[in-house]
Amino acid sequence: MHNTYWYDGPQELGSVMAHQCGAVGLFSSKENPDFIIHVSNGEETQSISLAQELVHGIGIQRGSIKGESVPSKKRTGELKLDNTHTHIIVQLLCHISVQCELLDTMIQEPSKVYADYLSIWALSGKDTVEGRKVIGREVLSELRRILGVKTSLWGTLVGVRPTKLTHKLWDSLGDIDRVRQELESTHSISHVKWKLLEQVAVLERPYVAHVQQSPKEISLYSGIPFCETHCTYCSFPYGLIQHYGQVQDFVNTYHRDIEHMKRLVKRHGLEVQSLYMGGGTPTSLDDGDFHHIVHALGDVIPKGREFTVEAGRPDSLNANKVQSIVDSGVTRISLNPQTMQDELLRIIGRGHSVAEFLSMYDYVASHTSCSINMDFIAGLPRQTVKNMVENVRYIEQLRPHNVTIHTLALKKGSPLYGSRFANEIPSEDVVQTMLDETHTALLQLGYIPYYMYRQQYMVGQMENIGYTLPNYESIYNIQMIEERQSILSIGPGSVSKWIGGSDFRQQKQYMPKDVDTYIQDIQRLLEKRTLLSNEHWRDS
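Below you will find a few notes about this structure.

## Some details on the overall build of the protein chain
Item 1. Broken down by element type, the protein chain carries 16 helices and 21 strands.
Item 2. By the compact-globule yardstick of 24 Å for 540 residues, the protein chain fits well, its C-alpha radius of gyration being 25 Å.
Item 3. With the C-alpha coordinates aligned to their principal axes, the bounding extent of the protein chain is approximately 75 × 55 × 50 Å.
Item 4. Across the 540 residues in the protein chain, those meeting the buried criterion constitute 56%.
Item 5. Counted over contacts in the protein chain with a minimum sequence separation of 6, partners at least 24 positions apart contribute 73%.
Item 6. Carbon and sulfur atoms make up 49% of the accessible area of the protein chain, which totals about 23200 Å².

This is the structure in structure tokens:
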């Protein structure tokens, strides 16, 4: 399996390349990568000469003005550079050990820079924001071609937040149909994906439009960095709570974090629209610690506002914690089985059975007035279309207010990656059938897609979709994905984003992922959060 690459070039283009390579399943690795993407200055005579040699050898001319590619059968000629902008030469190289397995590379020129590598493709383009996007789309198309990766229904549209781009285009073009035309012409997005984008964007539009009129309305995120077991598909760097010896120090520090956030909200006259307590698994805390933390969070948000607790693992929830949830004003709970077959639950490392999940679901539904979300994953090892059909039957039986259907993303840092079960992940076509049939069934049950996002290394470059019964959409999920509202965060590994201006520019603060570092540096971290908040709201 050839799945590694190394990027050698300017940082600005590097982030674009990371998305494109991730879209075909390539992981970044400096150790004997299968591919190297080398970028040089287009003004350097030697680089231009090499690019011309490669381009003519491939039989393709790359028009540097718009980054267009035209097969030589239709058009040939010299590589032309427009001197009004700095140009860059992007070269794709492969290791000699993989050359015979690539599809139709046309040329295999030994590299003069990297030993044991062959130059197989080159492109000249403008070193501008738009030029780098064009280069990215060309590189993605070429990687798909030589690796034999099917063209995605998303076309060349990559990235986590396709609806964010949709809203940005809607702002500038003023008409949703013109957005469709732009995405179809620029990214070759399919009709089926456009209809999904359109449906989600139209539902979200009142929320994202409202943000500009309420700059002091924010959302909050509270992250608890522990779980009780490690799911095999998960790459988050959270530890097992039973193995951490300073839980009380963490809890004390966390309360300082919450109290500081409470003072910030009051000082700047902020309105908390929604609060999401996630992780990790927040309910992995013991009863007393969970009770005190969830009540402290409840004091930050006005009663009746959307307050979600992610009780993702039903085996970490009990009657005491449910009562704490009720008493603290929580309005929404996420109970996440991921799938409803005991064999699959064991394979992915979940600590509960189907029967235990159903028992806890019934208890929460009968003892709270909270809306309930259920998460499922399509593409798990040994999972079948029949399994997903069975999952939908449980949804029909339980009628949760929200359902989130994730597509498995095979991450290098997860236990699943490299394990024997990685070879038992269903094919792209099977996963697509799972998603298509689930989507159709949920629509028939009255659910509506209300937010979506994508991840790198996701099977078939597909997507995660949140569905809701009418009027039960999660405001936090919409604001978090669309990045138009400031979201401040509490806890290790969380990110605060201060967002403002007509271009929704961001100022970020990253909390350390390491819990010990979080505890040790809390004073400095809170001082920085104060400074960034004062700067952001100083004129209001």
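## Comments concerning the pairing of strand β12 (residues 271-279)
Item 1. With seven of nine residues buried, β12 is to be regarded as a mostly interior element.
Item 2. Across eight bridges, strand β9 (residues 217-224) lies against β12 in parallel orientation. Note on β12: the bridge partner recorded for I218 is V272.
Item 3. Where β12 and strand β13 (residues 306-310) come together, four bridges link them in parallel fashion. Bridge assignment links M277 to a residue of β13, and that residue is V309.
Item 4. Note that the unit made of β12, helix α8 (residues 287-298) and β13 has a crossover that is right-handed.

## Points about the nonpolar core
Item 1. Formed by 106 residues in total, the largest nonpolar core has its most connected members in Y233, F250, I293 and L335.
Item 2. With seven residues, the top contributor of residues to this core is helix α7 (residues 247-267).
Item 3. In contact with F250, other than residues within four places in its own chain, are I224, P225, F226, Y244, L285, P492, V515, Y518 and I519.
Item 4. Counting 27 residues, the second largest nonpolar core, distinct from the first, contains Y7, F35, L92 and L102.

## Quick look at the sheet that holds strand β3 (residues 35-41)
Note on sheets: strands pair through backbone hydrogen bonds, and any given pair is parallel or antiparallel.
Item 1. A sheet is described by the order of its strands in space; here six strands give the open sequence β2-β1-β3-β6-β8-β7, paired in mixed fashion. Only two strands of the sheet have a single neighbouring strand rather than two, namely β2 (27-28) and β7 (109-110).
Item 2. Sheet analysis places β7 next to strand β8 (residues 117-126), joined by two bridges and oriented antiparallel. Bridging from a neighbouring strand, P110 pairs with L118 of β8.
Item 3. Packing against the sheet, helix α1 (residues 11-23) makes contact with β1 (4-8), β3 and β6 (87-95), and its axis sits at approximately 165° to β1.

## Observations regarding empty space enclosed by the protein
Gaps between atoms show up when a probe of the same size as a water molecule is rolled over them.
Item 1. The final tally for this structure, using the stated rule, is two cavities of 30 Å³ or more.
Item 2. Approximately 120 Å³ is the volume attributed to the largest cavity.
Item 3. Together, H19, G22, A23, V158, G159, V160, R454, Q455, Q456, Y457, M458 and Q461 line the largest cavity.
Item 4. The residue inventory of the lining of the largest cavity, partitioned by class, reads five nonpolar, six polar and one charged.
Item 5. Size it by volume and the second largest cavity reaches roughly 30 Å³.
Item 6. G298, I301, P302, K303, G304, R305, F307, S328 and G329 are the residues that line the second largest cavity.
Item 7. Among the residues forming the lining of the second largest cavity, the class breakdown is three nonpolar, four polar and two charged.

## So, the packing of aromatic side chains
Item 1. Going through the model one piece at a time under the given rule, you end up with 12 aromatic pairs.
Item 2. Centroid distance Y276 to Y476: 5.1 Å. Interplanar angle 25°. Geometry classified as stacked. Of this pair, Y276 sits in strand β12 while Y476 sits in helix α14 (residues 475-482), and the two are 200 residues apart along the sequence. The exposure classification of Y276 matches that of Y476, with both residues buried.
Item 3. Taking the centre distance of 6.1 Å and the plane angle of 45° together, the rings of F357 and Y361 count as tilted. One end of the pair, F357, and the other, Y361, are both in helix α11 (residues 354-367), four residues apart, so they sit about a helical turn from each other. Summarising the burial analysis for this pair, F357 and Y361 share the class buried.
Item 4. Feature note: the residues F226, Y244, F250, Y254 and Y518 constitute an aromatic cluster, connected by ring pairs.

## Some words on the packing of helix α9 (residues 319-327) against α11
Item 1. Relative orientation of the contacting elements α9 and α11 amounts to 35°, with a least axis distance of 11 Å. As for the relative orientation of α9 and α11, their crossing is right-handed in sense. Together, A319, V322 and V326 of α9 and Y363, V364 and H367 of α11 make up the contact between the two elements.
Item 2. Of the residues assigned to the contact of α9 with α11, the class counts are five nonpolar, one polar and no charged.

## Details of the pairing of β3
Item 1. Burial runs high along β3: six of the seven residues are buried.
Item 2. Where β1 and β3 come together, four bridges link them in parallel fashion. Across the sheet, Y7 pairs through a bridge with I37, a residue of β3.
Item 3. Bridge count for β3 against β6 is seven bridges, and the pairing is antiparallel. The partner of I36 across the bridge, within β6, is L93.

What counts, and where the lines are drawn
Residues numbered from 1 in each chain as written. Predicted model: local features only at pLDDT ≥ 70, side-chain atom pairs only at ≥ 80, totals over all residues. Heavy atoms only, no water. Helix = DSSP H or I, 4+ residues; strand = E, 2+ residues; numbered from the N terminus. Rg over C-alpha atoms; globule rule 2.2 N^0.38 Å. Buried < 20%, exposed > 50% of the residue type's maximum accessible area, 1.4 Å probe, protein only. Contact = heavy atoms within 4.5 Å. Areas by Shrake-Rupley, 256 points an atom, 1.4 Å probe, with all protein chains shown as cover. Pairing = 2+ DSSP bridges. Right-handed = clockwise from strand over helix to strand, strands pointing away. Core = buried A, V, L, I, M, F, W, Y, C linked by side-chain atoms within 4.5 Å. Axes fitted to C-alpha atoms, helices over the stretch in contact; angles between N-to-C directions. 1 Å grid on protein atoms, 1.4 Å probe; cavity = no way out; pocket = protein on both sides within 12 Å on 5 of 7 lines; lining within 4 Å. Points joined across faces, edges and corners; volume = space filled by probe spheres on them. Nonpolar A, V, L, I, M, F, W, Y, C, P; charged D, E, K, R; others polar. Phe/Tyr/Trp six-rings, centres within 6.5 Å; stacked < 30°, edge-to-face > 60°. Left-handed = near helix turned anticlockwise from the far one by under 90°.

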